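So you can see what is in the structure, the chains are spelled out below.
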Number of protein chains: 2
Amino acid sequence: MTASPQRVTMAAIAAAAEVSVPTVSKVLNGRGDVAAETRTRVESALGEMGYARSYRRKTQPARIIDLLCHELSPWAAEIISGASAVALAAKSRIAVTAVSDDAGVDLWLKSLAASRTDGVILVLTELSPPHRNRLAALQVPVVIVDPVGRPDPEVLTIGAANWAGGLAATEHLLRLGHRRVATITGSPAVPCSQARLDGYRAALERAEIDFDPDLVKTGDFHYQSALAAALELLRLPDRPTAIFAASDVQAMGVYEAARQNGLRLPEDLSVVGFDDVPMAQWVSPPLTTLRQPLAEMATLATKTLLAGGTMGLQNRVELATTLIVRSSTQALSRPAARKRSRA
Amino acid sequence: MTASPQRVTMAAIAAAAEVSVPTVSKVLNGRGDVAAETRTRVESALGEMGYARSYRRKTQPARIIDLLCHELSPWAAEIISGASAVALAAKSRIAVTAVSDDAGVDLWLKSLAASRTDGVILVLTELSPPHRNRLAALQVPVVIVDPVGRPDPEVLTIGAANWAGGLAATEHLLRLGHRRVATITGSPAVPCSQARLDGYRAALERAEIDFDPDLVKTGDFHYQSALAAALELLRLPDRPTAIFAASDVQAMGVYEAARQNGLRLPEDLSVVGFDDVPMAQWVSPPLTTLRQPLAEMATLATKTLLAGGTMGLQNRVELATTLIVRSSTQALSRPAARKRSRA
């Protein structure tokens, strides 16, 4: 009970195994250029002489951050990309798990409990309370990126300025002369959707435009519901000339609804998205959108975990969103207004 | 030199540390519910009694597969998603690294050399010969998913049936009555581009349509070059009525070129992509494309590595591609033909 494993030196191991110190070092660093017989001798000496803890540390120097996401959406891909860049520079790793349901989260928690991890980044809607408790029991630092779930004061969260983003998107459309501006929201249960919608309402209020509940459709961040919502909006007798969608994927649903109605973008309808995933540059026309600093959010999350899981005084950080103007928005044109009133 | 670390039992450790066997088990499994002082005592006993190797194995039961990709494209995201599903079921992990240049690969190789890994999945264009040698020196099983690099008979590779895909894409357009069918290829240096182009040529030959070199434009799998190539194709005096793009992202460039020319899809121009990334369903109109079985390719790669890195008798597996017909292709219409001849 009195031996202190940490005090065993590499020189002592080398002497016991009858090899050179560099050879011990190679074994400790997991290098391939050591003969199997020599490696076995060194490993025996390491084991026998109680080098255990240091050995373990040396052969697994790479810290591991586990990232859990709900499907590998373009949005999640951006987060992974940012986290991976930080991990690479810090000689650490990002272990990615994409789950589609609670059974997946269950499996992941089991796997995590049996493994070493240096921290967890959650990129997903919400953990169920039992899952949250099981994760807490593992006593691993956790950061949630853009929690669309209920904010938890006990957990570090990093998100984007959603209200300001909703405001900027809507003000952009109002500046272009649009007065019938509709919005398709994200899932209503989650705070970021509410914040974006409130930003939209605030912009209308500032411009002294009456809020028209017919112009607000509830979505769920996905394509299909946005397509259905946009088709409804375009059927209104006094249809909107501009639509703010709460995600880029939802904006794609608006594009398709416009096409099915024979409307051209941006001539007949302006569209603003939210996220600025890579796809936003590739769709036709290229999408005007609110850029979420996804890579920066991921960078901050990863650095926080690699530093031990504290961000400083506060448990919630919001990074700014930026309006990226591309080709899906334009000033309200006479033909668009005419086409609308003829409808 | 005569001690055999593996023969130390948990009961012996428990006795030495004056704790119960379940407590030793908890420490070995990295559980959090052990008092710090108890944990230290157990770890000392483990170290002293030469439990080192087993200990290491027990606290890191999760195998790790390192996946390296070149940017986190929608294509790479699909592969990661598939690999993650297999890893989750096998209580293993996929460590994802996205690199954008050779310096990134360099860093990744350094990090890999210093860590434990159970296998490597390469999802990227090509490793430089020095990088390839350094990876080989690590003596870790490697699988390349859809190598766009020169096939290496020494390395396991999993890809899609590219030639058959090019053939199916072109035959689909020919069946719809198109005769002026253009193609925008992937990077010419890589075999899958050549295979897709050869499939295109074979379809024309079978239909006894003369190959017109003006209708073949060289791309690089990315958006910008495809947009430029499509703009050139649409400026031809006898412009194509259909374009087969060698990737879905390239098809997006064709969509934008059509829009800039005031052409409607699919009325004035039919477009076929290649890959079937999720985005293909969301663009407007939804894209007809050749589905690469990306998840299946990733599944096979991951299972192969978890099984020790052998696929059986052959070192190259090709999985079938499937034509997915959506709304970007339609039968050659009189108006489209007229519009073309007027141009």
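Residues numbered from 1 in each chain as written. Chains lettered and ligands numbered in written order. Predicted model: local features only at pLDDT ≥ 70, side-chain atom pairs only at ≥ 80, totals over all residues.

1. Examining the domain arrangement of chain A
The extent of an interface is frequently quoted as the accessible surface area lost upon association of the parts. All names here are of chain A. For chain A, the assigned domains read domain 1 (10–49), domain 2 (64–161 + 295–319) and domain 3 (162–292). Placing the centre of domain 2 and that of domain 3 at their C-alpha centroids yields a distance of 29 Å. If you look at the interface, domain 2 gives ten residues, while domain 3 gives twelve residues. Considering each element in turn, the side of domain 2 that touches domain 3 owes the most residues, three residues, to helix α5 (residues 74–89). Each residue belonging to the side of domain 2 that touches domain 3 can be placed in one class, and the counts come to six nonpolar, two polar and two charged. (Domains from an automatic or database assignment. Contact = placed C-beta atoms within 7 Å. Helix = DSSP H or I, 4+ residues; strand = E, 2+ residues; numbered from the N terminus. Nonpolar A, V, L, I, M, F, W, Y, C, P; charged D, E, K, R; others polar.)

2. Here's the deal with the packing of helix α10 (residues 223–235) of chain B against helix α11 (residues 248–260) of chain B
Residue and element names in this part refer to chain B. Packing of α10 against α11 brings their axes to within 7 Å, and their N-to-C directions diverge by 45 degrees. Relative to α11, α10 is oriented oblique. Here the hand of the crossing between α10 and α11 comes out right-handed. Counted together, Tyr223, Ala226, Leu227, Ala230, Leu231 and Leu234 of α10 and Val249, Gln250, Met252, Gly253, Val254, Glu256, Ala257 and Gln260 of α11 form the full contact between these two elements. Partitioned by chemical class, the residues of the contact of α10 with α11 number ten nonpolar, three polar and one charged. (Axes fitted to C-alpha atoms, helices over the stretch in contact; angles between N-to-C directions. Parallel < 35°, antiparallel > 145°, perpendicular 65-115°, else oblique. Left-handed = near helix turned anticlockwise from the far one by under 90°.)

3. Here we look at unusual backbone geometry
Residue Pro266 of chain A is reached from Leu265 of chain A by a cis peptide bond, and omega for that bond is 0 degrees. With respect to the secondary-structure elements, Pro266 of chain A resides in the loop between α11 (248–260) and β9 (270–275). Of note, the amide linkage connecting Ser284 of chain A to Pro285 of chain A takes the cis form, showing an omega dihedral of 0 degrees. The backbone of Glu18 of chain A shows a phi angle near 60 degrees, a positive value even though the residue is not glycine. Note that Glu18 of chain A resides in the loop between α1 (10–17) and α2 (21–28). Non-glycine residue Lys91 of chain B carries a positive phi angle of around 50 degrees.

4. With respect to the pairing of strand β3 (residues 119–123) of chain B
All names here are of chain B. Of all the five residues making up β3, five are buried; the element is thus mostly covered by neighbouring parts of the structure. Burial along β3 is two-sided: Gly119, Ile121 and Val123 facing one way and Val120 and Leu122 facing the other are all buried. Where strand β1 (residues 64–70) and β3 come together, five bridges link them in parallel fashion. Along β3, the bridge assignment pairs Cys69 with Val123. Relative to strand β4 (residues 142–145), β3 runs parallel, the two sharing three bridges. Counted as the bridge partner of Val120 is Val142 from β4. (Buried ≥ 20, exposed ≤ 12 C-beta atoms within 10 Å, placed from the backbone. Pairing = 2+ DSSP bridges.)

5. Things to note about the packing of helix α8 (residues 162–175) of chain A against helix α9 (residues 191–206) of chain A
Residue and element names in this part refer to chain A. Running from N to C, α8 and α9 cross one another at 40 degrees; their axes reach a closest spacing of 7 Å. You can see that α8 and α9 cross each other, and the crossing is right-handed. Together, Asn162, Trp163, Ala164, Gly165, Gly166, Leu167, Thr170, Glu171 and Leu174 of α8 and Cys192, Ala195, Arg196, Leu197, Asp198, Gly199, Tyr200, Ala202, Ala203 and Leu204 of α9 make up the contact between the two elements. Along the lines of polarity and charge, the residues of the contact of α8 with α9 split into eleven nonpolar, five polar and three charged.

6. A look at the sheet that holds β9 of chain A
Residue and element names in this part refer to chain A. Ordered by their spatial adjacency, six strands build an open sheet running β7-β6-β8-β9-β10-β12, and the pairing between neighbours is mixed. This sheet does not close on itself; its edge strands, each paired only once, are β7 (216–217) and β12 (322–324). Across four bridges, β9 lies against strand β10 (residues 288–291) in parallel orientation. Bridged to Asp275 within β10 is Arg291. Taken strand by strand, helix α10 (residues 223–235) contacts β6 (181–184), β7 and β8 (242–245), and its axis lies near 155 degrees from that of β6.

7. Some thoughts on the confidence of the model for chain A
All names here are of chain A. Mean pLDDT over chain A: 86, with 85% of residues reaching 70 or higher. Note on residues 1–6: pLDDT under 50 across the span, and 13 contacts to partners over four residues away in sequence or across chains. Scored as a complex, the prediction yields pTM 0.79 and ipTM 0.77. (pLDDT = per-residue confidence, 0-100.)

8. A word on α10 of chain B
With 13 residues, α10 of chain B extends 18 Å from end C-alpha to end C-alpha; this agrees with the ideal 18 Å at 1.5 Å per step. Taken together, the buried positions of α10 of chain B are Tyr223, Ala226, Leu227, Ala229, Ala230, Leu233 and Leu234 of chain B. At its buried positions, α10 of chain B is contacted by α12 (279–282) of chain A together with β6 (181–184), β7 (216–217), β8 (242–245) and α11 of chain B. (Expected span 1.5 Å × (residues − 1).)

9. Observations concerning the sheet that holds strand β12 (residues 322–324) of chain B
All names here are of chain B. If you trace the six strands from one edge of the open sheet to the other, you get β7-β6-β8-β9-β10-β12, paired in mixed fashion. The open sheet terminates on both sides in strands that have one partner only, identified here as β7 and β12. As judged from the four bridges shared by β6 and β8, these two strands associate in the parallel manner. Along β8, the bridge assignment pairs Val181 with Ala242.

10. A few points about the pairing of β8 of chain B
Residue and element names in this part refer to chain B. Judged by which residues are buried, β8 turns out to be covered on both faces: Ala242 and Phe244 on one side and Ile243 and Ala245 on the other are all buried. Examined bridge by bridge, β8 and strand β9 (residues 270–275) share three bridges and lie parallel to one another. For Ala242, the partnering residue across the bridge sits in β9 and is Ser270.

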